[in-house]
Amino acid sequence: MKFTEEFLKDLINAKVIGDVIPFKTGKINKVESYIKTIVGRIEDNPKLVVEPDFKYYGSGFASYVNVEISQRDRSDTKITYEGSQRTEWIKGLLLYISNLSPYWYYGGSEWTITYENDTWKGRSRGFLRPESIHYVDYNIWDDSIYEIKELMSSYGYRLLTEEEIEEQVWFEADIPTILTDRPYEVFDCFFYWAD
């Protein structure tokens, strides 16, 4: 599907767009409540640890809700030790659920959580790009991805394709994001974060 310049510019300007509830309301808080319901359904899977970020990484504004998903059995986690420091390297699944339009995307991502003497010390996280869909370890994630796709579809969200979002933006755009630089891709119209 080719998105129109007008549609993408509306997304860049943080306009809530869609023909179905809650998007028809034009109110982002209604959409975020809807996303909380969806995330709650994902959390119903006892095999998964689901960590949504409804606070936009603690500052600014994001056009999406970032949802980190890892395996409860830790089959996606490698643990390293250095003195009294323990670092957990999680090769998980990352979802971006748009809070402006009924679209979403996912990919493989790695993040770390570090502990000093079993006390939380810090963490790092990655961000999605169109090619992140190729970084998914399907040996671990195949069943879960299928279930998440079905769930998202049942709530009216359409999974974007890599081909749709890797296209370069063909019009003049000033996207309020710190996640990437020009030249922008269609991906950046859907998923941006201004700190």
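These numbers were taken from a predicted model, which means no experiment stands behind them.

Colleague: Summarise the overall build of the protein; cite the residues concerned and give the values.
Modeller: A tally of helices and strands in the protein yields 5 helices and 9 strands. What you see in the protein, going N to C, is helices and strands ordered as α-α-β-β-β-β-β-β-β-α-β-α-α-β. The C-alpha radius of gyration computed for the protein amounts to 17 Å, which stays within 12% of the reference 16 Å derived for 195 residues, consistent with globular compactness. Here the C-alpha coordinates of the protein stretch approximately 55 × 35 × 30 Å along the principal axes. Per-residue burial for the protein yields a buried fraction of 49% across its 195 residues.

Colleague: Give a detailed account of the nonpolar core, specifying residues and quantitative values.
Modeller: Ranked by internal contacts, the top residues of the largest apolar core, which has 56 residues, are Leu8, Ile42, Ile69, Leu93, Leu95, Tyr157 and Phe190. At the level of elements, helix 1 (5–12), helix 2 (28–43), strand 1 (48–53), strand 3 (64–71), strand 5 (85–98), strand 6 (103–116), helix 3 (138–154) and helix 5 (186–190) are the ones that each hand at least two residues to this core. Ignoring any residue separated from it by four or fewer positions in sequence, one finds Ile42 in contact with Leu48, Val50, Ile69, Leu95, Ile148 and Leu151.

Colleague: Could you give an account of the pattern of salt bridges, naming the residues involved and the relevant values?
Modeller: Side-chain pairs of opposite charge can arise whenever the charged atoms involved come near each other. Applying the stated criterion across every chain, the model contains 15 salt bridges. Of the charged contacts, one joins Glu167 and Lys2 as a salt bridge, the two residues approaching to 2.6 Å between their closest N and O atoms. Here Lys2 lies in the segment before helix 1 and Glu167 lies in the loop between helix 4 (162–165) and helix 5, a separation of 165 residues in the sequence. Here Lys121 and Glu116 are joined by a salt bridge, their closest N and O atoms 3.7 Å apart. The partly exposed category is assigned to Glu116, whose relative accessible area is 28%. Residues joined by salt bridges that share partners form a network here, namely Arg74, Arg86, Glu88 and Asp118.

Colleague: Just give me the short version of the packing of aromatic side chains, but keep the residues and values in it.
Modeller: Scanning the entire structure with this criterion turns up 23 aromatic pairs. Ring geometry for Tyr64 against Phe191: centres 5.9 Å apart, planes inclined by 80 degrees, an arrangement best described as edge-to-face. Of the two residues, Tyr64 is situated in strand 3 and Phe191 in the loop between helix 5 and strand 9 (193–194); the sequence distance between them amounts to 127 residues. Neither Tyr64 nor Phe191 differs from the other in exposure class; each is buried. Look at Trp170 and Phe171: their rings are 5.2 Å apart centre to centre, the planes differ by 85 degrees, and that puts the pair in the edge-to-face class. Judged by its relative accessible area of 10%, Phe171 falls in the buried class. Here a set of aromatic residues connected by ring pairs shows up, and it is made of Phe3, Phe7, Tyr57, Tyr64, Tyr96, Tyr103, Tyr105, Phe127, Phe187, Phe190, Phe191 and Trp193. Positioned over the ring face of Phe54 is Lys36, at 5.1 Å from the centre of the ring.

Colleague: Which residues make up the pairing of strand 6, and what values do they have?
Modeller: Note on strand geometry: in a regular strand, side chains alternate between the two faces of the sheet. For strand 6, the buried fraction is high: 12 of the 14 residues fall into the buried class. The hairpin turn running from strand 5 into strand 6, its antiparallel successor, is 4 residues long. In terms of strand pairing, strand 6 meets strand 7 (residues 119–124) through 5 bridges, oriented antiparallel. Its bridge partner lying in strand 7, Ile113 is registered against Arg123.

Colleague: Could you give an account of the side chain of Ser98, with specific residues and numbers?
Modeller: Position of Ser98 among the secondary structure elements: in strand 5. Only 3.1 Å separates the side chain of Ser98 from the backbone nitrogen of Ser101, close enough to count as a polar contact. When residues no more than four places from it in sequence are discounted, the contact partners of Ser98 are Phe23, Val31, Ile35, Ser63, Tyr64, Tyr103, Tyr157 and Phe191.

Colleague: Outline the side chain of Thr114, listing residues and values.
Modeller: Inspection of the secondary structure assignment puts Thr114 in strand 6. Not counting residues up to four positions away in its chain, the partners in contact with Thr114 are Gln85, Arg86, Thr87, Thr119, Trp120, Lys121 and Gly122.

Calculation notes
Residues numbered from 1 in each chain as written. Predicted model: local features only at pLDDT ≥ 70, side-chain atom pairs only at ≥ 80, totals over all residues. Heavy atoms only, no water. Helix = DSSP H or I, 4+ residues; strand = E, 2+ residues; numbered from the N terminus. Rg over C-alpha atoms; globule rule 2.2 N^0.38 Å. Buried < 20%, exposed > 50% of the residue type's maximum accessible area, 1.4 Å probe, protein only. Core = buried A, V, L, I, M, F, W, Y, C linked by side-chain atoms within 4.5 Å. Contact = heavy atoms within 4.5 Å. Salt bridge = Lys/Arg side-chain N within 4 Å of Asp/Glu carboxyl O. Phe/Tyr/Trp six-rings, centres within 6.5 Å; stacked < 30°, edge-to-face > 60°. Lys NZ or Arg CZ within 6 Å of the ring centre and 35° of its normal. Pairing = 2+ DSSP bridges. Polar contact = N/O pair within 3.5 Å; in protein donor to acceptor, adjacent residues only side chain to side chain.

Distances and angles like these do not, on their own, reveal function.
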